[in-house]
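Okay, here's what each chain looks like letter by letter:
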Amino acid sequence: MAEPGKFLRIEAPPAPAPGGIAARARAGADAPYLAGLNPEQRLAVESLDGPVLVLAGAGTGKTRVLTTRIAHILSLGRARPSDILAVTFTNKAAREMKERVGRMVGQMVEGMPWLGTFHAIGVKLLRRHAELVGLKPDFTILDVDDQIRLMKQVLEAENIDQQRWPARALAAMIDNWKNRGLPPDKVSPGEAAVFAGGRGLKLYAAYQERLKVLNASDFGDLLLETIRLFRENAEVLRQYQQRFRFMLVDEYQDTNVAQYLWLRLLAQGAKNLCCVGDDDQSIYGWRGAEVDNILRFEKDFPGATVIRLERNYRSTGHILAAASHLIAHNEGRLGKTLRTEDELGEKVTVTGAWDSEEEARSIGEEIEELQRAGHKLNEIAILVRASFQMRELEDRFVTLGLPYRVIGGPRFYERAEIRDALAYLRCVASPADDLAFERIVNVPRRGLGDATVQVLHDHARTRRVPLMEAARTLVATEELKARPRTALRDLIAAFDRWRGRRDQIPHTELAEIVLDESGYTEMWQKDRSADAAGRLENLKELVRSMEEFENLQGFLEHVSLIMDADGGADADAVSIMTLHSAKGLEFDTVFLPGWEDGLFPHQRTLDDQGRAGLEEERRLAHVGLTRARRRAKIFFATNRRLHGLWQTTVPSRFLDELPEAHVEVTESKGGFGWGGLAPSRFDAMESFASNYETPGWQRAQANRARRSGMDEAGANGSRPGGARRRQPLTIEGELVARSTGPASPYAVGDRVFHQKFGYGDIVSVDGNKLIVAFDRAGEKRVVDSFVERA
DNA sequence: TGATGCTGCGTTTTT
DNA sequence: CGCAGCATCA
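Every chain is numbered on its own, with residues counted from 1 as its sequence reads. The lettering of chains begins at A and the numbering of ligands begins at 1, in the order of writing. With pLDDT at 70 or above as the cut-off, local features in this predicted model cover only qualifying residues; side-chain atom pairs require 80 or more to be listed or tallied, and sums for whole chains, interfaces and linings still use all residues. Hydrogens and waters are ignored; side-chain quantities use all the structure's heavy atoms.

Describing the protein's contact with DNA strand B
Move 1: One heavy atom within 4 Å of a molecule or strand is enough for the residue carrying it to be called near that molecule or strand. Around DNA strand B there are 20 residues in total, and Asn-91, His-119, Arg-385, Ser-387 and Thr-578 lie nearest to it.
Move 2: In the environment of DNA strand B, a sugar or linking oxygen lies 3.4 Å from a nitrogen or oxygen atom belonging to the side chain of Arg-287.
Move 3: At a separation of 3.4 Å, a base nitrogen of DNA strand B approaches a polar side-chain atom of His-643.
Move 4: Where the surface near DNA strand B is concerned, the elements lending two or more residues are α27 (579-582) and α28 (603-625).
Move 5: Residues were grouped as follows: Ala, Val, Leu, Ile, Met, Phe, Trp, Tyr, Cys and Pro as nonpolar; Asp, Glu, Lys and Arg as charged; and all remaining residues, including Gly, as polar. Taken together, the residues that form the surface near DNA strand B break down as six nonpolar, 11 polar and three charged. Polar contacts here mean pairs of N or O atoms no more than 3.5 Å apart (in protein, one a potential hydrogen donor and the other a potential acceptor; neighbouring residues in sequence count only if both atoms are side-chain atoms). Under the scheme used here, helices are H or I runs from DSSP no shorter than 4 residues and strands are E runs no shorter than 2 residues, and both carry numbers assigned from the N terminus.

Spelled out as C-alpha cells, the structure:
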C-alpha cells in the first residue's frame, strides 16, 4: 500500500457525485489495493451501488473482498468510516475484519464505529434510544443462565408444572420466535398453543414484561427491540438509513429472519447493501439461520447484482472436485462451480476401520507418518461431527505422546480465576514455583506491590533461591517496611500451614482451605461485578474436578498437560474440533472421521428436519472437505461405541456421493482391522459388517482381545483420559513386548517420571516404547520421549 | 444448606 | 455407560 492512512484522514462529507467518477479518477481505477484481485473479486469490490450479493465459495477470497470493498469506499471518498455499517456474526470475525481493514487502509479502526456483530450494533442502537423501547440506557444484557432463571420465575408465577413444561423448553421456544422476528403479538396463537396447555403466548408476554421491569434485554431482544425501535419511530429509522450509506454483511447465509428484517429496514435508505455468503456453507439452520435469506436475495432486493466467486485459492484439484461433486447433490442451492488452477494433488482418501478405536489408531499412525515426512502438526486438523468422537482420539494421542489441542472445547483452565487458584495450589505443591508465586503474591491485594516484589526478586536472584525462599529470609531482615513485611510473613506462614496439612486431609479439602484462608474466595464474593458469581462457580467446579484425582500432585500434572496442550498457539499440535467450529479455517491435511450414517449425517437432524436436514448435513460435509488444502482423509468405522454400547454402523451415504475418479479407497493403517479384505465398494462392506460370522469379524474380534492387553485402554472399558478416569487403572495380565524402533536409553527397572501418569518403574523396554508400572496409574505403554529419569 | 441417590438423556454453538 | 439435573433427606 503506497500511502497507508491517507484515505482515512478524510474528514469532509462524502463526495456528492453519485457515480463517483471524479473521485474514482482521483483514487485511480488501478489503486494498489485492487491489484491482485481476480475479475470477479474486483467486480465485487467495485460494484458499490445498489444491492449486491457476493456468492463466495469456500476459499475464494471472501474476506479479502469484504475488506477491500471497505477500503475502496473510503478511498473513493464515497463515505466516511462512520457511515459504513459492517456486520459479522462473531466477535472474532469482527475483530479480524477490523484488523484487516486497518492494515489495508491505515489505523482507522476507531473510525468505524459500526463495524461489529449484529448484537453489538444492536446494543449500541438500543442504548442510544433506550427510552423509546421502554428501557433505560444502562439496561443489562442477560446471559442464557439469567434467562432460564427468569423463565423459571415466570413459570412459577403462572403456576405451571415445571416438570411437564421445563423452563428450558420455554426458553427454546421463545428464542425460536425471536429468531423469526416475532414479538408476542405476532406469534400465531396456534403455534403458541402447544406449550403449557395454550399458555405459551401468555408466558412469552409475561417474560417480556419481566425483562422491562428488570431493565434488561436478552440476546434476541437486542435485535427484536431494534426492529421495533425502527418500526415505531420513523424519524430514528430515517436517521440511520441516511447515515449508513454503505452496508456490508458477512456470512449472510447464517442470518436469521430477525436479522434479515433488521437489515431490510436499514437498506431501504441508501440501498447499497452488500451481502457476502455461501449458501453451500449454511450449517446453522438448527439455531435459526435461514438459508432462504440468501436464496431469496434477488427477490428481496430488486435490481440486485449477483456475483459469484468461484475460483478457489485453497485446495488442490481432487479435493475441490470431491467437494463440488458432493454438494451438487443438494437441491436447495444457488449453484456454483468451484475451480482451481492448482494441481490435482492427492486424491481424497476413504478408509474403513473395524471400529472407532482402530479408526483412532489409523489416524494416529497417519499423523505420525506425516510428521516423519516433515509436516507440521499445526497444519493438521481432525474434524468430527460430534464432540464425543474426540475422546477416543485424545486417548490415542495421549498414548502416542502426540501433541494436540481441542478447539472450541472448554477454555476452563484459561480463565483468570482458575489460573489464580491453580497458582495457589502450585505454590503449595512446589514452593519453588516462582511464576505461580508471583501471580498470586498480591492477589487478593495485601499490600505487596511492585516495589516489594522487586526487592524480593533482587533478593532471590542474588541468593539464587526461589522467591518463596527469598521471602522467608527477607522478612527476618529490616529490608522491607513494616507493612509489607508483615503481609509477606503472613503469606509465607499461610503456605507453610497449608503445606503442613497436605498429607493429613484430602486434597480437595485442602484446596478449599487454601482458597478460603488466602482470601481469594472472599475477593470474588466482595466483587459485585456481573461475572463474579460465575467466577465463584468456576472455582467450585475446579475443586470438584480435583476429586477425580488421587492427590494434588496428580491433579496438577493433569492440568499442566491440558494447559500445555491448548496453551500456546505457537506450540506445534494437531487440532481437534467439530466440523461446525472449523468453518472459516484451513489446514494442509484434514482428517474426517466418523462418516457413518446416523452419526454423519446425524440421525437426529434427519429425523427432525428430513430432507432439509440432510442437505444441511451435506453442507457440513462440504465445509469439512473444503477446509483441506492438500490432503483430505475420510474415515468410517463399522462398529462404534454409542451410549456405552457397541453399535454396528453403515458407511455414510455421503461416501457414495463422492466422485470415484477423485477418491482413493485405502486400507486402514491401524493394523488388524480388515485383514487384507480391503473393500472397494462401501455397500459391499455394509453386508460384510453386519455379518457376525465372517472370518474377518472373528479375526478382528480376536485381534481386539489380544490388543486390549497391550494398549492401555483395556477391555475393562476404562479410559486413560485422566480427567475422565474415576479409578486408577490397573491392567492385569502379561504385556506382550515386541521389538521395533531404535534402542531406548532406558532399561528395565529404571525409575521414570511421566507428565500425565506420574512416577513409575520400567517393566519392559521395546525399542522406544516402554511399559512402565506407574505408582498411581498402573501399567502403561508409553513412548520413551515422554518420560524423564526420576 | 449440603450431600446423596435417582432418573432420563445422549449433535452441532454464538451472541 | 456416564453425567447432569433434580428431588429428597439429614
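Now that the structure is up, let's keep going.
Some details on the sheet that holds strand β2 (residues 84-88)
Move 1: Taking strand neighbours across the sheet as the criterion, the six strands line up as β3-β2-β6-β7-β1-β8 in an open arrangement whose pairing is parallel. Where the open sheet ends on each side, the last strands, each with one partner, are β3 (115-117) and β8 (305-309). Recorded for the sheet is a direction-independent mean angle of 15° between the axes of neighbouring strands.
Move 2: In terms of strand pairing, β2 meets strand β6 (residues 246-249) through four bridges, oriented parallel. Along β6, the bridge assignment pairs Ala-86 with Leu-248. Whether two strands pair depends on DSSP finding at least two bridges between them. Lines fitted to C-alpha atoms define the axes, with helix axes restricted to the stretch in contact, and inter-axis angles between N-to-C directions lie between 0 and 180 degrees.

Comments concerning the packing of helix α9 (residues 200-213) against helix α10 (residues 219-232)
Move 1: For the pair α9 and α10, the least separation of the axes is 14 Å and the interaxial angle reads 90°. Put simply, α9 runs roughly perpendicular to α10. Residues Tyr-204, Gln-208, Leu-211 and Lys-212 of α9 pack against Asp-221, Leu-224, Glu-225 and Arg-228 of α10.
Move 2: Here the contact of α9 with α10 is built from residues that sort into three nonpolar, one polar and four charged. Oblique is the label for every angle not falling under 35 degrees (roughly parallel), over 145 degrees (roughly antiparallel), or within 65 to 115 degrees (roughly perpendicular). Contacts between residues were defined by any pair of non-hydrogen atoms, one from each residue, lying within 4.5 Å.

Observations concerning the pattern of salt bridges
Move 1: For this analysis, a salt bridge means a side-chain nitrogen from Lys or Arg found within 4 Å of a carboxyl oxygen belonging to Asp or Glu. Counting across every chain of the model gives 45 salt bridges.
Move 2: The closest approach of N and O atoms between Arg-296 and Asp-292, which form a salt bridge, is 3.6 Å.
Move 3: Whether a residue is buried, partly exposed or exposed follows from its accessible area with a 1.4 Å probe, protein chains only, as a fraction of its type maximum: under 20%, in between, or over 50%, in that order. For Asp-292, a relative accessible area of 33% gives the class partly exposed.
Move 4: Among the salt bridges present, the one from Arg-485 reaches Glu-478, with a minimum N-O distance of 3.7 Å.
Move 5: A residue is classified by how much of its surface remains accessible, and Arg-485, at 16% relative accessible area, is buried.
Move 6: Glu-478 gets classed as exposed once you look at its relative accessible area, which sits at 67%.

Digging into a nonpolar patch on the surface
Move 1: A cluster of nonpolar side chains, Ile-141, Val-144 and Phe-219, forms an exposed patch at the surface whose accessible area comes to about 240 Å².
Move 2: One can find Phe-219 in helix α10.
Move 3: Here Phe-219 falls in the partly exposed class, since its relative accessible area comes to 38%. Patch construction takes residues with relative accessible area above 30% that form no salt bridge. Like charges are linked within 9 Å, and nonpolar side chains (Val, Leu, Ile, Met, Phe, Trp, Tyr) are linked within 5 Å. The accessible surface values rely on the Shrake-Rupley method and a 1.4 Å probe; as for residues, cover is taken only from the protein chains in view.

A short note on the nonpolar core
Move 1: In this structure, Phe-437, Leu-456, Leu-488, Phe-495, Trp-498 and Leu-552 are the most contacted members of the largest nonpolar core, which totals 47 residues.
Move 2: If you tally residues by element for this core, the top one is helix α18 (residues 416-429), at nine residues.
Move 3: Dropping the residues within four chain positions of it, Leu-488 is found in contact with Phe-437, Val-441, Leu-448, Leu-456, Ala-471, Val-475 and Leu-480.
Move 4: Tyr-240, Leu-261, Trp-262 and Leu-265 belong to the second largest nonpolar core, which has 41 residues in total. We call a set of buried residues a nonpolar core when its members are Ala, Val, Leu, Ile, Met, Phe, Trp, Tyr or Cys and they connect through side-chain atoms within 4.5 Å of each other.

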